[in-house]
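# Structure assessment
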Amino acid sequence: MEGDAVPPSILGESKAGYVLGNVAEVVERILTFVPTKNLFRVASVCRLWRNCARRVLRTQQRLTWLSASGSSICREHVLFTTMEEDLEKIYLLPQTALLMVDGDFIWPCTYLTDTRSCDEVVPDPVEKLRRILPKSCDILGIVAAGIVVTPSGSPSSPPQEHEAGEAGFSLLFPAMDGVTIQSFHFCKKSLSDTAMEEAGLINNPDLKVVLMFNYNTYKPGGGRFLNKLLEPLSQSNILIVGGQVEREFTNEPTCCSEDSFGAVGLSISGSKVQGASVLVEQDVSTAKGAEATIQRLKAANIPERNTMGFMFACVGRGHNSYNEQLNVEADAFRKIFSNVPLLGFFGNGEIGCDRIVKENYTLSETDADGLQHSFTTVMSLVHFG
């Protein structure tokens, strides 16, 4: 027994009604099959159901993702249409959302309203995301030339390299025991040792992985900015992967003008976190060569459960590197890691190297310059325990 019983008028006088109104173990088991949005609705039935719903939410610690490709109705990006529908079906409460969309992503946009017309204009993507994600969810969005997605629903679905066309994904992180995820957004005015420490990037012994996405750093001063950010990270025993993107959108406004340079990303800390990456070099031009490189990730012995694969490739690779053959690197990844979803983008520069980070890690020594590449692909695994 726990808390206040459900009023008889709701569940009736049957034995089933009595159990559902008084036996927490049964109610809690049933609620594990209820999507998160509906959990909040049923939590208002009574104190017992509310307490059971809270316990169920605390157990939902496996990250998930929503992805989409193809053209949507009206001008709204297909990912946003998919998110609005599929967020009703997920089994977690997102604390952080990492979104990536293709380079044709344009704002302001019009989108479908309740009347199924195309007459509402949203000037800011974050405004739309605040409508469909929890208010407390930290939003980090980037736009890149092309997108790599694994279709929603099954980690074993074949990942797809969308070098052109409409595509995107939203990677949703719940609160996870033993894992801390912090977003950051730096520009030339805000980058400092204090800001990096607050973001968990320095003086953080539990830091294991950094996902970093820089923008406009080809402009004067951008190279020095990026080196200042990468230098202390390159000297740490952490995995750092990412690349150059076209632009960003977050729920934390930047202090710089729209056309200035900067960097956004996530720092991932915790004893359960493991990471590994390999660099597919510029001269790799066959499917067999790509597979041999990605196979080296197996040396990390990272569990496939609750693990995400990331692919950050140069726009000059893809079919250009493989005699017009499509999807070579994503197919090679799936052949080796059949139950790990793969997400990522095609950008204008890559960050990463050959590196394994775990308790008995193998660490490749490199400096800030050694983490920056072009015409390569950084393929990585991140395990969340």
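Scroll up to find the structure this text is about.
Described below are features of the structure shown in this document.

### As for the pattern of salt bridges
Counting across every chain of the model gives seven salt bridges. Note that Glu 127 and Arg 131 form a salt bridge whose closest N and O atoms lie 3.3 Å from each other. Placement of the pair is Glu 127 and Arg 131 together in helix H7 (residues 125–132), with a separation of four residues, close to one helical turn. Assessed through its relative accessible area of 43%, Arg 131 is described here as partly exposed. When the shortest N-O distance is used, the salt bridge between Arg 247 and Glu 246 registers 4.0 Å. Taking the relative accessible area as the measure of exposure, Arg 247 reaches 34% and is therefore partly exposed.

### Some points on the sheet that holds strand S7 (residues 160–162)
Reading across from one edge, S7-S6-S16-S15-S20-S14-S18 is the order of the seven strands in this open sheet, with mixed pairing throughout. Two strands close off the open sheet at either side, each with one partner strand: S7 and strand S18 (355–357). Strand after strand, the sheet turns through a mean of 10 degrees between neighbouring axes, direction not considered. With three bridges connecting them, strand S6 (residues 146–149) and strand S16 (residues 342–347) associate as antiparallel partners. Of the residues in S16, the one forming a bridge with Val 148 is Gly 344.

Parameters at a glance
- Residues numbered from 1 in each chain as written.
- Predicted model: local features only at pLDDT ≥ 70, side-chain atom pairs only at ≥ 80, totals over all residues.
- Heavy atoms only, no water.
- Salt bridge = Lys/Arg side-chain N within 4 Å of Asp/Glu carboxyl O.
- Helix = DSSP H or I, 4+ residues; strand = E, 2+ residues; numbered from the N terminus.
- Buried < 20%, exposed > 50% of the residue type's maximum accessible area, 1.4 Å probe, protein only.
- Pairing = 2+ DSSP bridges.
- Axes fitted to C-alpha atoms, helices over the stretch in contact; angles between N-to-C directions.

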